[in-house]
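# Inside the fold
In case you want the letters, here they are:
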Amino acid sequence: MPYLESQPALTLPRRDLGWRRWLRYLYLRLLRMQSSPKEIARGLAAGVFAGCFPIFGFQTLVALLLAVPLRGNKLVAAAGTWVSNPLTYVPIYAFNYRVGEWLLGSRTAFATSELLVAQNWMQWGLEVSGTLFVGCAFVGFWGALVSYFLGLWLVQRIRRRRRMGRVCNTL
């Protein structure tokens with residue numbers, strides 16, 4: 001019996017949660033990225049800006065096109081568009097629309113009698129789209145600004161901690 005008591009208890013392997021593995025993968029990719037912290041932050045800002053617009057399917061393309069003149073990291077720009085996803089579309093765009101209304105000083109009110117006139121549909125579409133895009137541009141600008149500084153701080157902090165870990169391990 002002493003032999004059995006000295007053996008570690010039998011443990012079942014932990015079930016791997018896919019999202020944890022995915023986050024770990026992204027974290028390691030960030031650590032190993034050869035870009036400067038500023039390039040990574042500029043790429044993140046471009047992605048967040050593009051992610052604030054309701055141009056489904058084109059957000060990544062817009063982020064990549066913005067990252068080129070900004071000299072931002074293109075991989076991070078593509079990932080930055082994930083700020084809008086099927087879980088966040090409705091709240092983000094509803095908020096952006098309200099911001100657009102606030103900036104333009106307008107309220108869109110739809111009367112049920114006007115719904116029958118087909119000519120009004122095109123006008124409403126342009127009004128709603130214009131209001132939404134003004135709000136998206138405003139929110140996207142501030143989101144990009146915040147994500148730039150937050151991303152810059154985070155990358156610098158992670159890299160500094162990694163360097164400190166290497167220094168401590170060599171002593």
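Given the structure is predicted, the values throughout are model-derived calculations rather than measurements.

When its secondary structure is counted, the protein shows seven helices and zero strands. Counting from the amino terminus, helix and strand elements in the protein follow one another as α-α-α-α-α-α-α. Counting every position in the protein, which comprises 171 residues, the buried fraction comes to 29%. Accessible surface, the protein as shown: approximately 12500 Å² in total, 68% of it carbon and sulfur.

Right, let's get into the nonpolar core. With six residues, the main nonpolar core is built from Phe 53, Ile 92, Tyr 93, Tyr 97, Leu 132 and Cys 136. Mapped by element, the contributors of at least two residues to this core are helix H6 (89–104) and helix H7 (118–170). By residue number, the principal contributor to this core is H6, which donates three residues. Other than its neighbours up to four places away in sequence, Tyr 93 contacts Gly 51, Cys 52, Phe 53, Pro 54, Phe 56, Gln 59, Ser 84, Leu 132 and Cys 136.

The next point concerns a nonpolar patch on the surface. Side chains of Trp 102, Leu 103, Leu 104, Val 134, Phe 138, Phe 141, Trp 142, Leu 145 and Phe 149 sit close together on the surface and give an oily, nonpolar patch of about 900 Å² of accessible area. Of all the secondary structure elements, the ones that give two or more residues to the nonpolar patch are H6 and H7. The element best represented in the nonpolar patch is H7, accounting for six residues. As for its placement among the helices and strands, Phe 138 is situated in helix H7.

Summed over all chains, the structure comprises one salt bridge. Here Glu 101 ties to Arg 98 by a salt bridge, and the two come within 2.7 Å at their closest N and O atoms. Here Glu 101 and its partner Arg 98 are both found in helix H6, three residues apart, which amounts to about one turn of the helix. Classification of Glu 101 by relative accessible area gives buried; the value is 4%.

Quick look at the side chain of Ser 147 now. Secondary-structure assignment places Ser 147 in helix H7. With residues near it in sequence (within four places) discarded, Ser 147 still touches Leu 44, Ala 45 and Val 48.

Along the chain, Asn 73 falls in the loop between helix H4 (59–70) and helix H5 (74–80). Using a relative accessible area of 11% as the deciding quantity, one classes Asn 73 as buried. Of note is the side chain of Asn 73, whose polar atom sits 3.0 Å from the backbone nitrogen of Val 76.

Using the criterion set out here, one finds nine aromatic pairs in the structure. A centroid spacing of 6.5 Å and a plane angle of 65° characterise the contact between Trp 102 and Phe 138, whose relative ring orientation is edge-to-face. Of this pair, Trp 102 sits in helix H6 while Phe 138 sits in helix H7, and the two are 36 residues apart along the sequence. Its relative accessible area of 33% is what places Phe 138 among the partly exposed residues.

Moving on, we get to a positive patch on the surface. Where like charges cluster on the molecular surface, the positive patch consists of Arg 157, Arg 160, Arg 161 and Arg 163. Residue position: Arg 157 is located in helix H7.

About the criteria used
- Residues numbered from 1 in each chain as written.
- Predicted model: local features only at pLDDT ≥ 70, side-chain atom pairs only at ≥ 80, totals over all residues.
- Heavy atoms only, no water.
- Helix = DSSP H or I, 4+ residues; strand = E, 2+ residues; numbered from the N terminus.
- Buried < 20%, exposed > 50% of the residue type's maximum accessible area, 1.4 Å probe, protein only.
- Areas by Shrake-Rupley, 256 points an atom, 1.4 Å probe, with all protein chains shown as cover.
- Core = buried A, V, L, I, M, F, W, Y, C linked by side-chain atoms within 4.5 Å.
- Contact = heavy atoms within 4.5 Å.
- Patch = residues over 30% accessible without salt bridge, like charges linked within 9 Å, V, L, I, M, F, W, Y side chains within 5 Å.
- Salt bridge = Lys/Arg side-chain N within 4 Å of Asp/Glu carboxyl O.
- Polar contact = N/O pair within 3.5 Å; in protein donor to acceptor, adjacent residues only side chain to side chain.
- Phe/Tyr/Trp six-rings, centres within 6.5 Å; stacked < 30°, edge-to-face > 60°.
- Lys, Arg positive; Asp, Glu negative; His and termini not counted.
- Charge placed at Lys NZ, Arg CZ, Asp CG, Glu CD.

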